[in-house]
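# Survey of secondary and tertiary structure
Next come the chains, spelled out residue by residue.
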Amino acid sequence: MIEKLVIGNVWFALVIGTIVFAAGFYLYFYAARLYHAGAKNTIVLEGSYELMPMFQDIIAGRRLVNAKLAAALLVAPIAIAIVWEVCVRQYARPDIFAFLMGGLLLIEIAVGMRHLRNIVFFRHAQRAEGFRGKIEYSRRLIATQAFVELYSFAALYVLMFLVSGSWFFLGGALTCFVAGRRYRDWTKVFT
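In what follows, the accompanying structure is described.

### Here's the deal with the nonpolar core
By size, the foremost hydrophobic cluster in this structure holds 30 residues, and its most contacted members are Phe 97, Met 101, Leu 150, Tyr 157 and Cys 176. When contributions to this core are tallied by element, the ones reaching two or more residues are α1 (2-8), α2 (10-36), α4 (67-90), α5 (94-126), α6 (139-164) and α7 (167-189). Setting aside residues up to four positions removed in sequence, Phe 97 forms contacts with Val 6, Ile 7, Ala 13, Ile 80, Val 83, Trp 84, Cys 87 and Val 88. Ranked by size, the runner-up nonpolar core spans 12 residues in total, among them Leu 34, Ile 119, Phe 122 and Ala 125.

Shown next, in the form of structure tokens:
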């Protein structure tokens, strides 16, 4: 169903892409804020809250609006519109556009689920609800959790592709697998 919506209406694709991307960033930002606002007294994450170096400065700055986010929110809709025009209108390959949109949206949803889990976890840690003492996570464990979650979403999306035949889910499976592979490789760095 969502595949037909993003293929049939470029404005829907632009709006949903921008909303999902911005929501993912703000969930991530809120989780990091909760961590630094007191959860870190109960839950200790080795190194930076953020594993990816390109986002570490955003979290360190703790600003809701920053140049990287603004640039991404300007570039992403333009890129979506161009890719829609090329795939759907010029080459009549809506399956490729669905694949790319699935890759863009479903990775954000998978990562957003991790941020929601962290938000709940950190809120409880701030209030010391259900916690006794301190919990310390190594960078290796954090990266391992990330790749296991992403591989799990990749498997789920492959299953959804097999059931529905939707290229949208196959795109999501591929991006989750690739991102999971990157985190898996990072576990070797953190050893």
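Read on, since the account is not over.
### Quick word on α6
Under the 1.5 Å per step criterion, the end-to-end length of α6 is 37 Å for 26 residues, consistent within 8% with the ideal 38 Å. Residues Arg 139, Ile 142, Ala 143, Ala 146, Phe 147, Leu 150, Ala 154 and Tyr 157 constitute the buried set of α6.

### Quick notes on the packing of aromatic side chains
Tallying each qualifying case throughout the model produces 10 aromatic pairs. Taking the centre distance of 5.1 Å and the plane angle of 80 degrees together, the rings of Phe 25 and Tyr 26 count as edge-to-face. Given a relative accessible area of 8%, Phe 25 falls into the buried group. Of the residues examined, Tyr 26 reaches a relative accessible area of 32% and is grouped as partly exposed. Judged by centre distance (5.4 Å) and plane angle (50 degrees), the ring pair of Tyr 35 and Phe 122 falls under tilted.

### Here we look at α7
With 23 residues, α7 should reach 33 Å at 1.5 Å per residue; the first-to-last C-alpha distance of 34 Å fits that figure. Of all the residues in α7, the buried ones are Phe 168, Phe 169, Gly 171, Gly 172, Ala 173, Cys 176, Ala 179, Gly 180, Tyr 183, Arg 184, Trp 186 and Thr 187.

### Examining the environment of Arg 93
Counting through the fold element by element, Arg 93 comes out in the loop between α4 and α5. Looking at Arg 93, the relative accessible area reads 39%, which means it is partly exposed. Put simply, Arg 93 and Ile 7 are 86 residues apart on the chain and 9.7 Å apart in space, counted from C-alpha to C-alpha. Filtering out sequence-adjacent residues up to four positions away, Arg 93 remains in contact with Cys 87 and Val 88. Reaching out from Arg 93, the side chain makes a polar contact with the side chain of Asp 95 at a distance of 2.7 Å.

### Considering the environment of Leu 74
Among the secondary structure elements, Leu 74 is positioned in helix α4. Note on Leu 74: relative accessible area 59%, which makes it exposed. Along the chain, Leu 74 and Thr 18 lie 56 residues apart, while their C-alpha atoms are 8.9 Å from each other.

### What about the packing of α2 against α4?
Running from N to C, α2 and α4 cross one another at 150 degrees; their axes reach a closest spacing of 9 Å. When the interaxial angle is binned, α2 and α4 end up roughly antiparallel. Where α2 crosses over α4, the handedness of that crossing is right-handed. Where α2 approaches α4, its residues Val 10, Ala 13, Leu 14, Gly 17, Thr 18, Phe 21, Ala 22, Phe 25 and Tyr 26 are matched on the opposing element by Leu 69, Ala 72, Leu 73, Pro 77, Ile 80, Ala 81 and Trp 84. Considered class by class, the residues forming the contact of α2 with α4 number 14 nonpolar, 2 polar and no charged.

Conventions and cut-offs
- Position numbers for residues start from 1 in each chain and track the written sequence from start to end.
- At least 70 in pLDDT is required for a residue's local features to be given in this predicted model, at least 80 for side-chain atom pairs to be given and counted, and no such filter applies to totals for whole chains, interfaces and linings, which use all residues.
- Side-chain descriptors were evaluated using all non-hydrogen atoms of the structure, hydrogens and water having been removed beforehand.
- The definition of a nonpolar core used throughout is a set of buried Ala, Val, Leu, Ile, Met, Phe, Trp, Tyr and Cys residues joined through side-chain atoms within 4.5 Å.
- The cut-offs for exposure are 20% and 50% of the maximum accessible area for each residue type, with area from a 1.4 Å probe on protein chains only; residues under the lower value are buried, those over the upper are exposed, and the others partly exposed.
- In DSSP terms, a helix is any run of H or I states spanning at least four residues, a strand is any run of E spanning at least two, and both are numbered starting from the N terminus.
- The contact criterion used is simple: two residues touch if any of their non-hydrogen atoms lie within 4.5 Å.
- The span expected for a helix works out to 1.5 Å for each residue beyond the first.
- By convention, a stacked pair of Phe, Tyr or Trp rings (six-membered ring in the case of Trp) has centres within 6.5 Å and planes under 30 degrees apart, an edge-to-face pair has planes over 60 apart, and any other such pair is tilted.
- The definition of a polar contact used here is a pair of N or O atoms within 3.5 Å, where within protein one atom must be able to donate a hydrogen and the other to accept one, and adjacent residues in sequence count solely through side-chain atom pairs.
- Only the stretch in contact is used when fitting a helix axis, every axis being a line fitted to C-alpha atoms; angles between N-to-C directions are given from 0 to 180 degrees.
- Orientation is classified from the angle alone, with under 35 degrees giving roughly parallel, over 145 giving roughly antiparallel, 65 to 115 giving roughly perpendicular, and any other angle giving oblique.
- For a crossing to be left-handed, the near helix must be turned anticlockwise from the far one by less than a right angle; the clockwise case is right-handed.
- Side-chain classes are defined by residue name, with Ala, Val, Leu, Ile, Met, Phe, Trp, Tyr, Cys and Pro counting as nonpolar, Asp, Glu, Lys and Arg as charged, and the others, Gly among them, as polar.

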